[in-house]
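The residues making up each chain are set out below.
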Amino acid sequence: MNKKTVWLFTGGFPYSYGETHIESEILTLSKEFEKIYLIPPVNFKKQTTRVLPSNTEVIILADQFNENKKSLFFSNFFFILKTLIVEFVKTQNKKSFLCYFREFSNLFLQRIAEAEQLQHLITSKGDTNYAVFYSYWFSDWATVMGIVKHRGVIPSFVSRAHRFDVYEHLTSKKIIPFRQFQLKMIDKVLTDSQKAADFMIKNTSYPSKISCSYYGSVDYGLNPFNENDVFRIVSCSILIPRKRVHLIIETLKQINFPVEWIHFGDGELMEDLKKLAMELPNNITVDFKGQVSNTDVLNYYK
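Quick notes on the rules
Starting afresh in each chain, residues are numbered from 1 along the sequence in its written order. pLDDT decides what is reported in this predicted model: residues at 70 or higher carry local features, side-chain atom pairs at 80 or more are listed and counted, and totals for whole chains, interfaces and linings draw on all residues regardless. Only hydrogens and water are set aside; all other atoms, that is, all heavy atoms of the structure, feed into the side-chain values. For two strands to be treated as a pair, DSSP must find at least two bridges joining them. We count a stretch as a helix when DSSP gives it H or I for four or more residues in a row; a strand needs E for two or more, and each element gets its number in order from the N terminus. Every angle, taken between N-to-C directions, lies between 0 and 180 degrees, and every axis is a line fitted to C-alpha atoms, over only the stretch in contact when it is a helix. Contacts between residues were defined by any pair of non-hydrogen atoms, one from each residue, lying within 4.5 Å. Patch members must show over 30% relative accessible area and no salt bridge, and they are joined within 9 Å when carrying like charges or within 5 Å when they are nonpolar side chains of Val, Leu, Ile, Met, Phe, Trp or Tyr. Exposure was quantified through the Shrake-Rupley algorithm and a 1.4 Å probe, taking into account, for residues, occlusion by the shown protein chains and nothing else. Should a side-chain nitrogen of Lys or Arg be within 4 Å of a carboxyl oxygen of Asp or Glu, the pair is scored as a salt bridge. Counting rule applied: Lys, Arg positive; Asp, Glu negative; His and chain ends not counted. Where a charge lies is defined by one atom per residue type: Lys uses NZ, Arg uses CZ, Asp uses CG and Glu uses CD. Burial classes: relative accessible area under 20% of the type maximum marks a residue as buried, over 50% as exposed, and values in between as partly exposed (1.4 Å probe, protein chains only). Residues enter a nonpolar core if they are buried and are Ala, Val, Leu, Ile, Met, Phe, Trp, Tyr or Cys, with the set joined through side-chain atoms within 4.5 Å. Side-chain rings of Phe, Tyr and Trp, where Trp is taken by its six-membered ring, are said to pair if the distance between their centres is within 6.5 Å; with planes under 30 degrees apart they count as stacked, over 60 as edge-to-face, and otherwise as tilted. Ring-over charges, as used throughout, are those where CZ of Arg or NZ of Lys falls within 6 Å of the ring centre and within 35 degrees of the ring normal. Roughly parallel means an angle under 35 degrees; roughly antiparallel, over 145; roughly perpendicular, 65 to 115; everything else is oblique. The hand of a helix crossing depends on one turn: near helix anticlockwise from the far one by less than a right angle means left-handed, and clockwise means right-handed. Lys, Arg, Asp and Glu make up the charged group, whereas Ala, Val, Leu, Ile, Met, Phe, Trp, Tyr, Cys and Pro make up the nonpolar group; the residues left over, Gly among them, are polar.

## Examining the sheet that holds strand β2 (residues 35-39)
Now for step 1: Ordered in space as β3-β2-β1-β4-β5-β6-β7, the seven strands form an open sheet in which the pairing is parallel. With one partner strand each, in any of the chains shown, β3 (56-58) and β7 (210-212) form the two edges of the open sheet. The sheet shows a mean angle of 25° between the axes of neighbouring strands, direction not considered.
Now for step 2: Direction of pairing for strand β1 (residues 5-9) relative to strand β4 (residues 131-135): parallel, over a ladder of five bridges. Bridge assignment links Leu8 to a residue of β4, and that residue is Tyr134.
Now for step 3: Those strands touched by helix α1 (residues 21-32) are β1, β2, β3, β4 and β5 (158-161), and its axis lies near 150° from that of β2.
Now for step 4: In the packing of helix α6 (residues 140-150) onto the sheet, contacts are made with β1, β2 and β4, and the angle to β4 comes to roughly 145°.

Here it is, written out as structure tokens:
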């Protein structure tokens, strides 16, 4: 590969607790590229900072939307109108689109404002032919880069796709804004499961752009084993309904020998699950660790 630079667009990393897979991935990227530009969302509030490779530069774009809203609207009127018409014609949920038309129009204008910021940044950094533009989520940043590509500023871009940015019917509005525009402009969508890839191939107009790319992980070797130690189960996830952590509790109710269950992760169901865990028999001990850094979890595994 002759690419020297990678532009990585995230949902909050390195200033959030999520996107833990990037911690490993960015180490690999740092070896393959001379420079990494790491771009979290506009005006993202810093919660925590992860350790980054020395050749990584974090850049947060300024929010200038409200300052330039009117001029942006008139200068991009026909582009906005054409994009929204195509979205309406091709969406399977026209009712939802019409219900949120005003909101979607405003959202697209925001993405244009971010694209203008990004355009100035990219052109100031040098030749885009030697750069890879890569979004970790197939959502807002894909729209922004689509606009920048539409203007001829970048030659191509790719994106990973996970869950909320794949299955429209699982979103609150039952629609993913600007999906047709994103698919038209993007060069490759890499889903993190074959199921997601199959779904997108079946339900999009650009099946050749979709493929599966599984997450990798670093091999930390085997941890010490002591056959006299207690039987221990460790789980790690956000505590939300789709993770189905309550099934661990239902399973542990059937166990009649000593077991220690440790869970890493927090979420909306924390208190509910703690109450359910109180129903477990005395031979089961439970420890909810709450939100813990990815590094600490891996150290515990070791």
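Right, picking up where we left off after that structure.
## Observations regarding a negative patch on the surface
Now for step 1: A grouping of Asp266, Glu268, Glu271 and Asp272 is seen on the molecular surface, where their side chains present a negatively charged patch.
Now for step 2: With respect to the helices and strands, Asp272 occurs in helix α10 (residues 270-277).
Now for step 3: On the accessibility criterion, Asp272 (44% relative accessible area) is partly exposed.

## Section: the nonpolar core
A general trend in soluble globular proteins is that nonpolar side chains are found buried together.
Now for step 1: In terms of nonpolar packing, the biggest core is built from 48 residues, with Trp7, Ile39, Leu118 and Phe133 touching the most fellow members.
Now for step 2: Here this core takes nine residues from helix α5 (residues 101-125), the largest share from any one element.
Now for step 3: Beyond its immediate chain neighbours, meaning those up to four positions away, Phe133 contacts Trp7, Phe9, Ile122, Thr128, Met145, Ile154, Ser156, Phe157 and Val158.
Now for step 4: Counting 12 residues, the second largest nonpolar core, distinct from the first, contains Ile249, Met270, Leu280 and Ile284.

## Concerning the packing of aromatic side chains
Now for step 1: With the rule as written, the count across this model stands at 22 aromatic pairs.
Now for step 2: Pairing Phe97 with Phe104 gives two aromatic rings, centres 5.7 Å apart and planes at 55°, and the pair type is tilted. Phe104 shares its class with Phe97; the two are buried.
Now for step 3: Ring-pair connections join several aromatic residues into one group, and the members of that group are Phe79, Phe88, Phe97, Tyr100, Phe101, Phe104, Phe108, Phe178 and Phe181.
Now for step 4: The positively charged end of Lys173 is found above the aromatic ring belonging to Tyr100, 5.1 Å away from the centroid.

## Thoughts on the packing of helix α3 (residues 77-90) against α5
Helix-helix packing is described using two parameters, namely the angle between the two axes and the distance between the axes.
Now for step 1: Interaxial distance between α3 and α5 falls to 11 Å at its minimum, and their mutual angle equals 130°. One finds that α3 runs oblique with respect to α5. Considering how the two elements wind past one another, α3 and α5 form a crossing that is right-handed. Contacts from Phe79, Ile80, Thr83 and Leu84 in α3 reach Phe101, Ser105, Phe108, Leu109 and Ile112 in α5.
Now for step 2: For the contact of α3 with α5, the residue count by class is seven nonpolar, two polar and no charged.

## Brief notes about a nonpolar patch on the surface
Now for step 1: A cluster of nonpolar side chains, contributed by Phe73, Phe74, Phe77, Phe78, Leu81, Ile85 and Val89, occupies part of the molecular surface with about 720 Å² of accessible area.
Now for step 2: Within the residue set of the nonpolar patch, elements represented by two or more residues are α2 (65-75) and α3.
Now for step 3: Per-element tally for the nonpolar patch: the top contributor is α3, with five residues.
Now for step 4: In this structure, Phe74 sits in helix α2.

## Remarks on a positive patch on the surface
Now for step 1: Among the surface-exposed residues, Arg163, Lys195, Arg242 and Lys243 lie close enough to one another that they form a single positively charged patch.
Now for step 2: Here Lys243 lies in the loop between β8 (231-236) and α9 (246-252).

## Things to note about the sheet that holds β8
Now for step 1: Strand order across the open sheet formed by three strands is β8-β9-β10, with parallel pairing between neighbours. Looking along the sheet, the strands with just one partner apiece sit at the ends: β8 and β10 (284-290). Ignoring strand direction, the axes of neighbouring strands in this sheet form an average angle of 15°.
Now for step 2: Along the sheet, helix α11 (residues 294-301) makes contact with β8 and β9 (259-264), crossing β8 at roughly 160°.

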